[in-house]
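Residue-level listing of the chains:
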Amino acid sequence: MSVLLTDTWSIPPVHAADPATPHHQSSSGTSPGAPRPGWWSLLDRPFQRMALRAIADDPHLLRDLGLTREEALREASKPFWR
C-alpha cells in the first residue's frame, strides 16, 4: 500500500476569487434559510415550541417576534404534527 505525502509548504493558501465575496461560515454546506425536507421540520417543532414556551413571559422577546403572550402559548401547546 502506498501513502501519498504532500509537502504542505508548497501548497498555496486558498483565497476567494473576489475579495468582496463573503466566506460561507456554515459547516453543513447549506445556507440557514435553505428549505429542508418536510420530515425535518417535524423534528424541529418540539424544540421550537419549547423555546417559545420559555420566552412566553418575556414581553420584549415576544414583541420582537410580533406575538402576544396568548398567541405564543397557543402555538407552544400545539402537538408536533400540526
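Residues numbered from 1 in each chain as written. Predicted model: local features only at pLDDT ≥ 70, side-chain atom pairs only at ≥ 80, totals over all residues. Heavy atoms only, no water.

1. What about the pattern of salt bridges?
- Tallied over the full model, the rule gives three salt bridges.
- Arg 69 serves as the salt-bridge partner of Asp 57, at 2.9 Å between the closest nitrogen and oxygen. Of this pair, Asp 57 sits in the loop between helix H1 (38-54) and helix H2 (59-65) while Arg 69 sits in helix H3 (residues 69-76), placing them 12 residues apart in sequence.
- Classification of Arg 69 by relative accessible area gives partly exposed; the value is 40%.
- Here Lys 78 ties to Glu 75 by a salt bridge, and the two come within 3.1 Å at their closest N and O atoms.
- Residue classification places Lys 78 among the partly exposed residues on the basis of a relative accessible area of 33%.
- Glu 75 gets classed as partly exposed once you look at its relative accessible area, which sits at 29%.
- In the salt-bridge network here, residues are joined through shared partners; they are Arg 49, Glu 75 and Lys 78. (Salt bridge = Lys/Arg side-chain N within 4 Å of Asp/Glu carboxyl O. Helix = DSSP H or I, 4+ residues; strand = E, 2+ residues; numbered from the N terminus. Buried < 20%, exposed > 50% of the residue type's maximum accessible area, 1.4 Å probe, protein only.)

2. A few points about the packing of H1 against H3
- Two elements in contact, H1 and H3, have axes separated by 8 Å at closest approach and are oriented at 150°. On the basis of their axis angle, the class for H1 and H3 is roughly antiparallel. Considering only the axes of H1 and H3, their crossing is left-handed. Mapping the contact onto sequence places Arg 49, Leu 52 and Arg 53 in H1 and Ala 72, Glu 75 and Ala 76 in H3. (Axes fitted to C-alpha atoms, helices over the stretch in contact; angles between N-to-C directions. Parallel < 35°, antiparallel > 145°, perpendicular 65-115°, else oblique. Left-handed = near helix turned anticlockwise from the far one by under 90°. Contact = heavy atoms within 4.5 Å.)

3. Some points on H1
- Compared with the 24 Å implied by 1.5 Å per residue over 17 residues, the 25 Å span of H1 between its first and last C-alpha is a close match.
- Of all the bends in H1, the greatest reaches close to 35° and is centred on Asp 44; the proline Pro 46 follows between one and four positions later.
- Within H1, burial applies to Asp 44, Arg 49 and Leu 52. (Expected span 1.5 Å × (residues − 1). Bend = angle between axes of the 7 residues up to and from the residue.)

4. Overview of a nonpolar patch on the surface
- Judged by side-chain polarity, Trp 39, Trp 40, Leu 42, Leu 43, Phe 80 and Trp 81 come together as a nonpolar surface patch covering roughly 660 Å² of accessible area.
- Here Leu 42 is to be found in helix H1. (Patch = residues over 30% accessible without salt bridge, like charges linked within 9 Å, V, L, I, M, F, W, Y side chains within 5 Å. Areas by Shrake-Rupley, 256 points an atom, 1.4 Å probe, with all protein chains shown as cover.)

5. Re the environment of Pro 79
- Here Pro 79 is to be found in the segment after H3.
- Remark: the alpha-carbon pair of Pro 79 and Arg 49, spanning 30 residues in sequence, is separated by 9.3 Å.

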